[in-house]
Amino acid sequence: MSVITKEQVTRKPFADKKHYPYGFARSGDFSINESKLLQTYGSLFAALVDGKITPENDEEQAYLESALGHREPGTPQEKAWLKYQARINRPKTASIYGSKKPTVDDVDDDDMSDNSDLDIDLDD
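What counts, and at which threshold
- Residues numbered from 1 in each chain as written.
- Predicted model: local features only at pLDDT ≥ 70, side-chain atom pairs only at ≥ 80, totals over all residues.
- Heavy atoms only, no water.
- Axes fitted to C-alpha atoms, helices over the stretch in contact; angles between N-to-C directions.
- Helix = DSSP H or I, 4+ residues; strand = E, 2+ residues; numbered from the N terminus.
- Parallel < 35°, antiparallel > 145°, perpendicular 65-115°, else oblique.
- Contact = heavy atoms within 4.5 Å.
- Nonpolar A, V, L, I, M, F, W, Y, C, P; charged D, E, K, R; others polar.
- Salt bridge = Lys/Arg side-chain N within 4 Å of Asp/Glu carboxyl O.
- Buried < 20%, exposed > 50% of the residue type's maximum accessible area, 1.4 Å probe, protein only.
- Core = buried A, V, L, I, M, F, W, Y, C linked by side-chain atoms within 4.5 Å.
- Polar contact = N/O pair within 3.5 Å; in protein donor to acceptor, adjacent residues only side chain to side chain.

Draft legend 1. Focus on the packing of helix H2 (residues 32–50) against helix H4 (residues 76–88). It is at 9 Å that the axes of H2 and H4 come closest, and there the two elements cross at 80°. Classified by the angle between their axes, H2 and H4 sit roughly perpendicular to one another. On the side of H2, the interface is formed by Glu34, Leu37, Leu38, Tyr41, Gly42, Phe45, Ala46 and Val49, while H4 contributes Pro76, Gln77, Glu78, Ala80, Trp81, Lys83 and Tyr84. A per-class count over the contact of H2 with H4 returns 10 nonpolar, two polar and three charged.

Draft legend 2. The pattern of salt bridges, seen in detail. The final tally for this structure, using the stated rule, is four salt bridges. One salt bridge in this structure joins aspartate 29 and arginine 87, with 4.0 Å as the shortest N-O distance. You can see aspartate 29 sitting in the loop between helix H1 (6–11) and H2 and its partner arginine 87 sitting in helix H4, a full 58 residues away along the chain. Overall, aspartate 29 belongs to the buried group, its relative accessible area being 17%. Notably, a salt bridge pairs arginine 71 with glutamate 78, separated by 2.7 Å at the nearest N-O pair. Residue arginine 71 is classed as partly exposed on the basis of its relative accessible area of 30%. Taking relative accessible area as the criterion, glutamate 78 reaches 1% and is therefore assigned buried. A single network of salt bridges, built from pairs that share partners, joins Asp29, Arg87 and Arg90.

Draft legend 3. Just the nonpolar core, in detail. Core analysis: the largest hydrophobic core is formed by 20 residues, its most contacted members being Phe24, Leu38, Trp81 and Tyr84. Elements represented by at least two residues in this core include exactly H2, helix H3 (58–67) and H4. Setting aside residues up to four positions removed in sequence, phenylalanine 24 forms contacts with Phe14, Ala15, Asp16, Phe30, Ser35, Leu38, Gln39 and Tyr84.

Draft legend 4. A look at the environment of aspartate 16. Within the secondary structure layout, aspartate 16 lies in the loop between H1 and H2. As a C-alpha pair, aspartate 16 and isoleucine 88 span 72 residues in sequence and 9.9 Å in three-dimensional space. Every residue in contact with aspartate 16, bar those within four places of it in the chain, is listed here: Pro21, Phe24, Tyr84 and Ile88. Of note is the side chain of aspartate 16, whose polar atom sits 3.2 Å from the backbone nitrogen of lysine 18. In this structure the side chain of aspartate 16 is engaged in a polar contact, spanning 2.6 Å, whose partner is the side chain of tyrosine 84.

Following this line, the structure appears as structure tokens:
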């Protein structure tokens, strides 16, 4: 098992193909500046939060504390990361078409009348 270094993590730009398949800039959720900050610092934040790397200085420790919610975000990078987290963890919205099928139990059988005595003539 290889050890991941900070340089390996920060070298590649951060992308979330699951939630933002066309990128942060095209989502409409983030400004251009926030998109650039997420691409630049997102990999570092994700690695710190996931525990893949440990904070090496006070700045990285502050990033981690802010990402975990132990303190208010102070830098634009921290604010962009927390905005990203709020967007991907927001509750799902309901559909206007409904999400469950009507059940048969909703109809009361006593209210339905028996129309078996009706004669229907289909010949014209």
